[in-house]
Every structure is written in structure tokens, then in C-alpha cells.
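Overview (structure and organization)
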Amino acid sequence: MRGRYHKPSIFWSVIGAAVLLFTTQGHTAIDPTTAVAVWLFNEEGGDLAKDLTENALDAAFLDPVKWTDGKFDGGLEFKSGGLVNAGVSPLLNVGTANFSMVAWFKYSKTADDWHATIIEKADFAMPRHGYLLCVRGNLDPNNKGKPLFWFGLAQGAGVHLFGTSTINDGKWHHLAATADRKGAMKLYRDGKLEAEKDISAQQKENEDNHKPFTIGGEAGVASRSLVDGAIDEAALFNVVLTEDQITEIAQKGLARTLGAEAVSPNDKLATAWGKIKTE
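Residues numbered from 1 in each chain as written. Predicted model: local features only at pLDDT ≥ 70, side-chain atom pairs only at ≥ 80, totals over all residues. Heavy atoms only, no water.

**Observations regarding the overall build of the protein**
When helices and strands are tallied, the protein shows three helices and 18 strands. In the protein, which comprises 279 residues, the proportion classed as buried is 53%. Long-range pairs, those at least 24 residues apart, make up 63% of the contacts in the protein with a sequence separation of at least 6. In the structure as shown, the protein presents an accessible area of about 11700 Å², 50% of it carried by carbon and sulfur atoms. (Helix = DSSP H or I, 4+ residues; strand = E, 2+ residues; numbered from the N terminus. Buried < 20%, exposed > 50% of the residue type's maximum accessible area, 1.4 Å probe, protein only. Contact = heavy atoms within 4.5 Å. Areas by Shrake-Rupley, 256 points an atom, 1.4 Å probe, with all protein chains shown as cover.)

This is the structure:
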């Protein structure tokens, strides 16, 4: 049964209590203030995916997108040309800073283009800048069906970090990508590190661009949408998540790991994390 997220009116101090609760119960705490945007896709209706952070980076639907069952509660299903668009807020640029992105997805096809988008904020014009998490398409026969973390870094083709095997098997998978600008970019599948590449030589490259941040497709390029695919629990962070934190997200879900579901002794929803305001 798909659930609906309800925003409570509670103080920011509850966040510390929720993080403490999860840490003492064996959970790997993630500072919620490091989340740039979090979309759980649990609204069940309408044409807007709500961002649970105070940044309010809600993502608008470009049809055909519809609500469906996700990995955890609700999710989004995509058809050809469909995507959700969070816009061009400067908050979604990463500049020269570290970052991480995560998402659940399910997909059983192979795009006829270079890729099918999961998360994208990329400018492919030279010099290339931005970031992309996707599944490789038919135009790259050696890697088609593999997960890909692409980072522009002003390189001719951008920097490509592929997973080790295909992932378009019609099952739910969790992907995470992290970028340490003084170290390596890393790609995780289902909570486990799968590939990494040193990017320290390009640490000063500014990845800011004016392209929109999209989920499930690329704006203006219908052939790069996640046709007949689904996405759940997508997020962008302004830090490098650790493997333990990513494993926790993959095992427990993004909401629960962040403290959006602090479970009381009687197993009822006790607190919620998103859009907390002092009133």
C-alpha cells in the first residue's frame, strides 16, 4: 500500500533526537542539513513531486509520468518523453564541491540513444560540465545496459564511470554516485561499491551549468527517457556519503535512514523530517 507523507509542525531540535535515536539503534546517521533535495514520490496524486527539504525544490511532471508503487511506498513510472523537472536553481549546481546522488530504479529496456536518464543536470556542449546518473544505451554496444556515473569536468567526452555488469533486468536496484573532488568519483550498486576513478586532477573544474535538473529523462530529448521504467526515493547531497551510509539507504530506504520515519516502541510513526519549520 502506498503511503502519503504528512508534514508535521515541529522544531528543528527534533532532528537531533531522531538522529540520536537512529544512531543508538544501530543506524548510520546522516546529517539532514547535507541534503540539497529529497524526493520520496509518496504524494499519490497531482503533477508535482515534493522536495522534503527546506529548499523546496519541487519537481514538475512532463507527461507521460504517473504515480505507481515504488520500492518504498509510492514511486513514479515513466514513458517515452516523460520526466520530472526540478528546474535550474543554483542549489542544484555542484561547482567545485563534493556531492552525492542516490535513487532506486527499475528498468527492463535499453535506450536507443546514449543513455536512459535516472538523474541529470548536465551540459553536453563543449567544454562539458555537470553530472548524470543513468543506464547506458544502444549507441555504446560495449557498455549498453550498464549503470553509468558521468561527470563533465571539461573533458572532451566527459568522465565515464561504468558499473561492472548490466542492470536493466526489470528488478528494483539502488544506485548511488559520490564525487570527492580531491579524490575519486565512485559508483555503488545495491549498497556496495562497484567502481571508482580518480578525478583529483580536475578538482578545480567548476561544474555549474544552466541546464535543468531532471529525473527520469533529459529535457528536450525524448529518446533518453526511462521508457517503461520506475524511480523511487531520489536525492542530492552536498557531501560524500560513506559506503556504510549508502548501504543503510539501500537496506532501509532513504526516508528511514534520514530520520523521516523515527519508529516508536509501538511501531507507529513518531516523527517526520521533511520541511520542518518553527511556528
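Structure's up, so let's keep going.
**Here's the deal with the sheet that holds strand β2 (residues 48–49)**
On the basis of which strands lie adjacent, the open sheet formed by eight strands has the order β2-β3-β6-β15-β8-β9-β10-β11 and antiparallel pairing. In this open sheet, the two edge strands, each paired with only one partner strand, are β2 and β11 (159–162). (Pairing = 2+ DSSP bridges.)

**What to know about the packing of aromatic side chains**
Both the distance between ring centres and the angle between the ring planes are used here to describe each pair of aromatic rings. According to the stated counting rule, one finds nine aromatic pairs in the structure shown. Considering the side-chain rings of Phe-99 and Tyr-131, the 5.1 Å spacing of their centres and the 40 degrees angle between planes classify their relative orientation as tilted. Taken as a pair, Phe-99 in strand β7 (residues 99–106) and Tyr-131 in strand β9 (residues 129–136) lie far apart in primary sequence, 32 residues in all. The buried category is assigned to Phe-99, whose relative accessible area is 1%. Aromatic rings pair up to connect Trp-39, Phe-99, Tyr-131, Phe-149, Phe-151 and Phe-213 into one cluster. Above the face of the Phe-124 ring, Arg-224 is positioned so that its terminal group lies 5.6 Å from the ring centre. (Phe/Tyr/Trp six-rings, centres within 6.5 Å; stacked < 30°, edge-to-face > 60°. Lys NZ or Arg CZ within 6 Å of the ring centre and 35° of its normal.)

**Here we look at helix α2 (residues 243–252)**
For α2, every residue scored as buried is listed here: Gln-245, Ile-246, Thr-247, Glu-248, Ile-249 and Ala-250. Of the residues trailing α2, Gly-253 is marked for its positive phi of about 95 degrees.

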